[in-house]
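Listed below, chain by chain, are the residues.
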Amino acid sequence: MPRWLRNNALAIAMLGAFLVFLVLQSVFGWQTHNEELTEFGAAPLSWPAYLTSGHFVEAVFENWESEFLQMGGYVLLTAYLVQRGSAESKPADQTDRPEDDERRATPRSPWPVRTGGLPLVIYRNSLSLALLLIFAGSFVGHLLGGTAAYNQEQALQSGAPPIGVWDFLGTSDFWFQSMQNWQSEFLAVGALILLSIVLRQHGSPESKPVTLAHASTGA
């Protein structure tokens with residue numbers, strides 16, 4: 001295996017799977033949506049037209065929103081909260097790691113660490129900030145796509161006039177969509193935190209070493 005491919009295999013595998021499933025989602029969603037349109041006597045959409053429809057945009061961003069909320073919240077919470085025995089937690093008696101001290105910076109350290117000041121403050125929290133900003137963007141995408149999908153559905157079913165984005169934000173439909181995804185994401189992370197106390201996966205950094213005691217925290 002070429003060195004570059006080996007060194008980036010995990011990201012390539014994950015992003016490759018993402019693209020495959022996104023394309024499949026669009027194809028099956030397109031077929032499902034056209035079946036719904038046909039039932040109401042409306043003209044079916046072409047696949048390219050479907051990709052910009054509220055039905056597809058809402059479905060995509062509704063899921064991205066929950067994923068990035070979960071990951072952003074998880075990264076932030078693990079900086080302050082611990083779970084004894086979990087591979088996903090830092091040790092209970094650990095505050096900052098020695099390597100987190102900017103006074104230990106080397107010439108190879110990232111430039112914000114060597115610069116200090118505001119760039120360092122932002123950089124120290126940049127991972128959770130980036131994830132939560134993507135969550136915020138996905139939330140807006142879900143809201144806009146959901147408004148378009150809701151208006152189309154209402155027009156087909158009852159001929160009701162369209163509503164605005166702020167009106168849709170206040171509907172139970174929007175928050176039902178969000179909550180059904182948010183709760184599942186935090187359940188999955190909570191299960192990983194607890195299961196990693198007593199279960200192992202050989203070779204994975206998400207697991208403690210096989211020989212480590214259950215009470216040991218972190219990898």
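Residues numbered from 1 in each chain as written. Predicted model: local features only at pLDDT ≥ 70, side-chain atom pairs only at ≥ 80, totals over all residues. Heavy atoms only, no water.

1. Regarding the overall build of the protein chain
Here is step 1: When helices and strands are tallied, the protein chain shows nine helices and zero strands.
Here is step 2: Element order for the protein chain, N to C, with α for helix and β for strand: α-α-α-α-α-α-α-α-α.
Here is step 3: Expected size for 219 residues packed as a compact globule is a radius of gyration near 17 Å; at 23 Å, the protein chain overshoots this value by more than 25%.
Here is step 4: Here the C-alpha coordinates of the protein chain stretch approximately 65 × 40 × 40 Å along the principal axes.
Here is step 5: By the burial criterion, 26% of the 219 residues in the protein chain qualify as buried.
Here is step 6: Look at the contacts in the protein chain between residues 6 or more apart in sequence, and 57% of them connect residues 24 or more apart. (Helix = DSSP H or I, 4+ residues; strand = E, 2+ residues; numbered from the N terminus. Rg over C-alpha atoms; globule rule 2.2 N^0.38 Å. Buried < 20%, exposed > 50% of the residue type's maximum accessible area, 1.4 Å probe, protein only. Contact = heavy atoms within 4.5 Å.)

2. Description of the environment of alanine 130
Here is step 1: Tracing the backbone through its elements, the reader meets alanine 130 in helix 7 (residues 126-158).
Here is step 2: Here the alpha-carbon distance between alanine 130 and alanine 148, two residues 18 residues apart in the chain, equals 27 Å.

3. What about the packing of helix 7 against helix 9 (residues 172-198)?
Here is step 1: At a minimum axis separation of 10 Å, helix 7 and helix 9 run at an interaxial angle of 135 degrees. One element, helix 7, and the other, helix 9, form an angle in the oblique class. Relative to helix 9, the crossing made by helix 7 is right-handed. Across the interface between the two elements, Phe135, Phe139, His142, Leu143 and Tyr150 from helix 7 touch Asp173, Phe174, Trp175, Gln177, Ser178 and Trp182 from helix 9.
Here is step 2: A breakdown of the residues in the contact of helix 7 with helix 9 according to their chemical character gives seven nonpolar, three polar and one charged. (Axes fitted to C-alpha atoms, helices over the stretch in contact; angles between N-to-C directions. Parallel < 35°, antiparallel > 145°, perpendicular 65-115°, else oblique. Left-handed = near helix turned anticlockwise from the far one by under 90°. Nonpolar A, V, L, I, M, F, W, Y, C, P; charged D, E, K, R; others polar.)

4. Details of the packing of helix 4 (residues 54-77) against helix 9
Packed helices, taken two at a time, are described by the angle their axes make and the gap between the axes.
Here is step 1: Helix 9 packs onto helix 4 with a crossing angle of 40 degrees between their chain directions and a minimal axis gap of 9 Å. Taken together, helix 4 and helix 9 sit at an angle that is classed as oblique. Seen from above, helix 4 lies across helix 9 with right-handed handedness. The residues of helix 9 that touch helix 4, namely those facing Glu58, Glu62, Asn63, Glu65, Ser66, Glu67, Leu69, Gln70 and Tyr74, are Gln177, Ser178, Gln180, Asn181, Trp182, Glu185, Phe186, Val189 and Ile193.

5. A short note on the domain arrangement of the protein chain
Frequently, the measure chosen for interface size is the accessible area that the parts lose on association.
Here is step 1: By the assigned domains, the protein chain splits into domain 1 (1-50) and domain 2 (53-94 + 109-201).
Here is step 2: Distance from the C-alpha centre of domain 1 to the C-alpha centre of domain 2: 21 Å.
Here is step 3: Counting residues at the interface gives 13 residues for domain 1, matched by nine residues for domain 2.
Here is step 4: Both faces combined, the contact of domain 1 with domain 2 buries some 940 Å², and carbon together with sulfur accounts for 67% of it.
Here is step 5: Put simply, domain 1 and domain 2 have zero salt bridges between them.
Here is step 6: For the pair domain 1 and domain 2, the interface holds four residue pairs in polar contact (both at pLDDT 80 or more).
Here is step 7: Counting only elements with at least two residues in the side of domain 1 that touches domain 2, the list comes to helix 2 (9-39) and helix 3 (47-50).
Here is step 8: If one sorts the elements of the side of domain 1 that touches domain 2 by residue count, helix 2 sits on top with eight residues.
Here is step 9: Split into classes, the residues belonging to the side of domain 1 that touches domain 2 amount to eight nonpolar, four polar and one charged. (Domains from an automatic or database assignment. Buried area = accessible area lost by both parts, 1.4 Å probe. Salt bridge = Lys/Arg side-chain N within 4 Å of Asp/Glu carboxyl O. Polar contact = N/O pair within 3.5 Å; in protein donor to acceptor, adjacent residues only side chain to side chain.)

6. Points about the nonpolar core
As a rule of thumb, nonpolar side chains are buried together in soluble globular proteins.
Here is step 1: One finds Leu69, Phe135, Phe139, Leu143, Phe168, Leu169, Phe174 and Trp182 forming the largest nonpolar core, which totals eight residues.
Here is step 2: Of all elements in the fold, only helix 7, helix 8 (165-169) and helix 9 reach the threshold of two or more residues within this core.
Here is step 3: With three residues, the top contributor of residues to this core is helix 7.
Here is step 4: Not counting residues within four places of it along the chain, the set of residues in contact with phenylalanine 135 comprises Glu65, Phe68, Leu69 and Trp182. (Core = buried A, V, L, I, M, F, W, Y, C linked by side-chain atoms within 4.5 Å.)

7. Concerning the layout of surface pockets
Gaps between atoms show up when a probe of the same size as a water molecule is rolled over them.
Here is step 1: Of the volumes computed, that of the largest pocket is approximately 950 Å³.
Here is step 2: For the largest pocket, the lining is made up of 29 residues, of which Ala79, Asp96, Arg97, Asp100 and Arg124 are closest to its centre.
Here is step 3: Mapped by element, the contributors of at least two residues to the lining of the largest pocket are helix 4, helix 6 (117-124) and helix 7.
Here is step 4: Quantified by volume, the second largest pocket comes out at close to 490 Å³.
Here is step 5: Lining of the second largest pocket is provided by Met14, Leu15, Phe18, Phe21, Leu22, Gln25, Ala59, Val60, Asn63, Trp64 and Phe68.
Here is step 6: For the lining of the second largest pocket, the secondary-structure elements that each account for two or more residues are helix 2 and helix 4.
Here is step 7: When grouped by side-chain class, the residues that make up the lining of the second largest pocket number nine nonpolar, two polar and no charged. (1 Å grid on protein atoms, 1.4 Å probe; cavity = no way out; pocket = protein on both sides within 12 Å on 5 of 7 lines; lining within 4 Å. Points joined across faces, edges and corners; volume = space filled by probe spheres on them.)

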